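As a plain string of letters, each chain reads:
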Amino acid sequence: MDKAKDIKLVILDVDGVMTDGRIVIDDNGVESRNFDIKDGMGVIVMIMSGIEVAIITSKKSGAVRHRAEELKIKRFYEGIRKKTEPYEEMLKELNITDAQVAYVGDDLVDLSMMKRVGLPIAVGDAVEDVKRCAAYVTRARGGHGAVREVAELILQSQDKWEKVLSKVG
């Protein structure tokens, strides 16, 4: 995919992209989410290959913060209502353009970002409006390998996948 060749930054939504969208709340009000280990490896190999990975999420969650730290995601923005604000900061900090950014989303709140970036991506179980806006729709559902699929797409397009295999295999 041509649009993936120049990607330098991948921005991920959390609920419905890195997770399956379900939030479990126990009797004490403690939230938990499920993350896919393959998605985590996708994040790791993108970072290892020189691609910046960021999370922008409207919610605040200790579980998500912990997962971002575990995956060494330095650009983590939580409790964000207007996702374009940290996006503008990242463009300036990294000295990149919209065309060099991929955004992975699943729901209506992601549309403003998807309309800006060079490579808008919808997870396989995203709502129809998001799928229509996407240049690529993953086969995998959110929280079930969609982020890993995005990593492979981008790294293969940039001829970096074989190097990944030789490093981790």
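Residues numbered from 1 in each chain as written. Predicted model: local features only at pLDDT ≥ 70, side-chain atom pairs only at ≥ 80, totals over all residues. Heavy atoms only, no water.

Draft legend 1. Looking closely at the overall build of the protein chain. Counting its regular elements, the protein chain contains 7 helices and 8 strands. Here the C-alpha atoms of the protein chain give a radius of gyration of 15 Å, agreeing with the 15 Å that 2.2 N^0.38 yields for 169 residues. Counting only C-alpha atoms and orienting by the principal axes, one finds that the protein chain spans roughly 50 × 35 × 30 Å. Taken over 169 residues, the protein chain has a buried fraction of 50%. For the protein chain, the share of sequence-separated contacts (at least 6 apart) that also reach a separation of at least 24 residues comes to 53%. The positive charge centre, built from 27 side chains, and the negative charge centre, built from 29, are 3 Å apart in the protein chain. (Helix = DSSP H or I, 4+ residues; strand = E, 2+ residues; numbered from the N terminus. Rg over C-alpha atoms; globule rule 2.2 N^0.38 Å. Buried < 20%, exposed > 50% of the residue type's maximum accessible area, 1.4 Å probe, protein only. Contact = heavy atoms within 4.5 Å. Lys, Arg positive; Asp, Glu negative; His and termini not counted. Charge placed at Lys NZ, Arg CZ, Asp CG, Glu CD.)

Draft legend 2. How the structure looks around the layout of surface pockets. Of the volumes computed, that of the largest pocket is approximately 150 Å³. Surrounding the largest pocket, Asp 13, Asp 15, Thr 57, Ser 58, Lys 59, Lys 83, Asp 106, Asp 107, Val 109 and Asp 110 form its lining. (1 Å grid on protein atoms, 1.4 Å probe; cavity = no way out; pocket = protein on both sides within 12 Å on 5 of 7 lines; lining within 4 Å. Points joined across faces, edges and corners; volume = space filled by probe spheres on them.)

Draft legend 3. Focus on helix 3 (residues 84-94). What helix 3 keeps buried is the set Thr 84, Pro 86, Tyr 87, Met 90 and Leu 91. All buried residues of helix 3 lie within an arc of 160° about the axis, which places them on one face of the element. Across helix 3 from its buried face, at more than 90 degrees, point the exposed residues Lys 92 and Glu 93. Elements in contact with the buried residues of helix 3: strand 1 (9-12), strand 4 (52-56), strand 5 (75-77), strand 6 (101-105) and helix 4 (111-114). Directly after helix 3, the chain includes Asn 95, whose backbone phi takes a positive value near 55°. (Arc of directions from axis to C-beta.)

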